[in-house]
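Secondary and tertiary structure notes
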Amino acid sequence: MTLPVRQLWFLDEFGIHLAMSRAHARAPRGERARVVESFETKGNISVIGALTLDGVRVPMMIEGAIDGGSGAICPAFSRSATASR
């Protein structure tokens, strides 16, 4: 049995925290690096997409975390949407 490699889709998910700041700063030699950033508690963004041999397909961004109910709002991953490829 051989796998239909062209039909394989791999789901990938990653998150971005919007209040992240740099851990290091740069300054000219002999000067102190000064960084002024306001303290804000912003939210998170989750990004999910399908990886194929042709590249990234159907990327989607969701505010907050990916949980059990998040898959129901993305019809692009349904069997009928991918069967036409």
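Described below are features of the structure shown in this document.

Rules of the game
- Residues numbered from 1 in each chain as written.
- Predicted model: local features only at pLDDT ≥ 70, side-chain atom pairs only at ≥ 80, totals over all residues.
- Heavy atoms only, no water.
- Helix = DSSP H or I, 4+ residues; strand = E, 2+ residues; numbered from the N terminus.
- Buried < 20%, exposed > 50% of the residue type's maximum accessible area, 1.4 Å probe, protein only.
- Contact = heavy atoms within 4.5 Å.
- Areas by Shrake-Rupley, 256 points an atom, 1.4 Å probe, with all protein chains shown as cover.
- Pairing = 2+ DSSP bridges.
- Axes fitted to C-alpha atoms, helices over the stretch in contact; angles between N-to-C directions.
- Salt bridge = Lys/Arg side-chain N within 4 Å of Asp/Glu carboxyl O.
- Patch = residues over 30% accessible without salt bridge, like charges linked within 9 Å, V, L, I, M, F, W, Y side chains within 5 Å.
- Polar contact = N/O pair within 3.5 Å; in protein donor to acceptor, adjacent residues only side chain to side chain.

Helix and strand counts for the chain stand at one helix and three strands. By the burial criterion, 13% of the 85 residues in the chain qualify as buried. Put simply, 54% of the contacts in the chain that link residues at least 6 apart link residues at least 24 apart. Counting only carbon and sulfur atoms, one obtains 54% of the accessible surface of the chain, whose full area is about 7600 Å².

Spatially, β1-β2-β3 is the arrangement adopted by the three strands of the open sheet, whose pairing is antiparallel. Both edges of this open sheet fall to β1 (10–17) and β3 (55–63), since each of them pairs with a single strand only. Strand-to-strand twist in this sheet, taken as the mean axis angle between neighbours without regard to direction, amounts to 20 degrees. The pairing of strand β2 (residues 44–52) with β3 spans seven bridges and is antiparallel.

Another point: the pattern of salt bridges. For side chains of opposite charge, pairing can occur when their charged atoms come near one another. Summed over all chains, the structure comprises two salt bridges. Among the ionic pairs, Arg-57 bridges to Asp-54, the shortest N-O distance being 3.5 Å. When salt bridges that share partners are traced, they join Arg-6, Asp-54 and Arg-57 into one network.

In terms of burial, β2 is a largely internal element, seven of the nine residues being buried. Of the pairings in the sheet, the one linking β1 to β2 comprises eight bridges and is antiparallel in character. Considered in β2, the bridge of Phe-14 is made with Val-47. Hairpin connection between β2 and β3: a loop of two residues separates the two successive antiparallel strands.

This paragraph deals with a nonpolar patch on the surface. Residues Met-1, Leu-3, Val-5 and Leu-53 make up a contiguous nonpolar surface patch of roughly 530 Å² in combined accessible area. Within the fold, Val-5 resides in the segment before β1.

Counting through the fold element by element, Ser-46 comes out in strand β2. According to the relative accessible area criterion, Ser-46 is buried, its value standing at 4%. For Ser-46, the side chain forms a polar contact with the main-chain oxygen of Gly-64, separated by 2.6 Å. The residues contacting Ser-46, other than those within four sequence positions of it, are Glu-13, Phe-14, Gly-15, Met-60, Met-61, Ile-62, Gly-64, Ala-65 and Ile-66.

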